[in-house]
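Geometric and topological summary
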Amino acid sequence: MGQRINFIGGVLAATLTVLAMSIFTVDQRQFALVFQLGEVKRAIAEPGLYFKVPLVQNIRYFEKRIITLDNTDPERFITSEKKNVLVDSYIKWRIVDPKLFYISVGGDEARAKTRLNQTVNAGLREEFGKRTVHDVVSGERDKIMDQMREKADADARKIGVQIVDVRLKRVELPTEVSEAVYRRMEAERKRVANELRSEGSAEAEKIRADADRQREILIAESYREAQKIKGEGDAKATAVYGQAFAQNPEFYAFYRSLEAYRGSFKSRNDVLVVEPGGEFFKYMKSAGRSSDKQK
């Protein structure tokens, strides 16, 4: 009885072991290849529970998700102007045919990355050789990436891989070239600045000269107008004086004499030597006689 129980237990254990070796699962993030004696028997892309022949068949898994190939060091390319540029890029790719991928590169991701990198670099070298620095930096950058993705994808399909995207992270000139370019740019900016300063100085001198000319014209016109008004005023005053004094010539002569006396005796220290019987003292003498007669 005991031997029978042991036999049943052994058979059950062997059955469970064989069953465990016959069952495998495929994750949704993976492909699975079923090999039989080293030959690929089938490829599994859908997740789930599957069976295999134990000890005869074995399973190998491959990544289904997108893989990033990012170069650590920028590559040097030559443009149509024969100028070197440093290009930093990355590639997004994934396996779409695990069986072809295994047959082409032995299922080795490192070999696949090497081939993809070579394909993309060759395509970039060709595209950069057709364009100028300006084109690759800004003008046709998107166009280059689209064309490279299409070309690289066409080659990658031969090894069961799809190129999802090719991106240029950075495109710049080498250090030695950048310094020369910056120096030329600085010299050009200084030249433009000097030209603008010269033009500004010339324009300022022109404006200043025009302002000075207008000032002189305004002063001359104002002076001419003032002299004209003054002359007209003097003429009117003379006419008024003439009309007033014409009515009494004797008063006019007397008034003129008083003005002469006032102008001659402005200060107490003034000394005037004239003949007593001179015409200058005519009204003084008359004033004296008039006072005597009144007395």
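Structural notes, computed from the coordinates.

Reading the values: rules and limits
- Residues numbered from 1 in each chain as written.
- Predicted model: local features only at pLDDT ≥ 70, side-chain atom pairs only at ≥ 80, totals over all residues.
- Heavy atoms only, no water.
- Pairing = 2+ DSSP bridges.
- Helix = DSSP H or I, 4+ residues; strand = E, 2+ residues; numbered from the N terminus.
- Axes fitted to C-alpha atoms, helices over the stretch in contact; angles between N-to-C directions.
- Core = buried A, V, L, I, M, F, W, Y, C linked by side-chain atoms within 4.5 Å.
- Buried < 20%, exposed > 50% of the residue type's maximum accessible area, 1.4 Å probe, protein only.
- Contact = heavy atoms within 4.5 Å.
- Phe/Tyr/Trp six-rings, centres within 6.5 Å; stacked < 30°, edge-to-face > 60°.
- Lys NZ or Arg CZ within 6 Å of the ring centre and 35° of its normal.

A short note on the sheet that holds strand E2 (residues 30-36)
Pairing in this open sheet of three strands is antiparallel, and the strands run E3-E2-E5 from one edge to the other. Of all the strands in the sheet, just strand E3 (39-44) and strand E5 (57-63) have a single pairing partner and so form its edges. On average, each strand axis in the sheet is inclined to that of its neighbour by 25 degrees, with strand direction left out of account. Pairing of E2 with E3, which is carried by five bridges, proceeds in the antiparallel orientation. Within the sheet, the bridge partner assigned to Val 34 lies in E3 and is Arg 42.

A few points about the nonpolar core
Of all hydrophobic cores here, the largest spans 34 residues; its most connected members are Val 85, Trp 93, Phe 101, Leu 124, Phe 128, Ile 163 and Leu 168. Elements supplying a minimum of two residues to this core: E2, strand E6 (67-70), strand E8 (84-95), helix H2 (98-105), helix H3 (109-128), helix H4 (133-139), helix H5 (141-156) and strand E9 (161-172). Beyond its immediate sequence surroundings of up to four residues, Phe 101 is in contact with Phe 62, Trp 93, Ile 95, Gly 106, Gly 107, Asp 108, Glu 109, Ala 112, Ile 159, Gly 160 and Val 161.

Re the packing of aromatic side chains
Summed over the entire model, instances satisfying the criterion amount to five aromatic pairs. Where Phe 24 meets Tyr 50, the ring centres are 5.8 Å apart and the plane angle is 25 degrees; that geometry is what we call stacked. Here Phe 24, found in strand E1 (residues 23-26), pairs with Tyr 50, found in strand E4 (residues 48-51); they are 26 residues apart in sequence, far enough to count as distant. You can call Phe 24 buried: its relative accessible area is 6%. Considering the side-chain rings of Phe 35 and Tyr 102, the 4.8 Å spacing of their centres and the 65 degrees angle between planes classify their relative orientation as edge-to-face. Here Tyr 102 lies in helix H2 and Phe 35 lies in strand E2, a separation of 67 residues in the sequence. Its relative accessible area of 4% is what places Phe 35 among the buried residues. These aromatic residues form a ring-pair network of at least three members: Phe 62, Trp 93 and Phe 101. Over the ring of Phe 31 we find Lys 64; its NZ or CZ atom is 5.1 Å from the centre of that ring.

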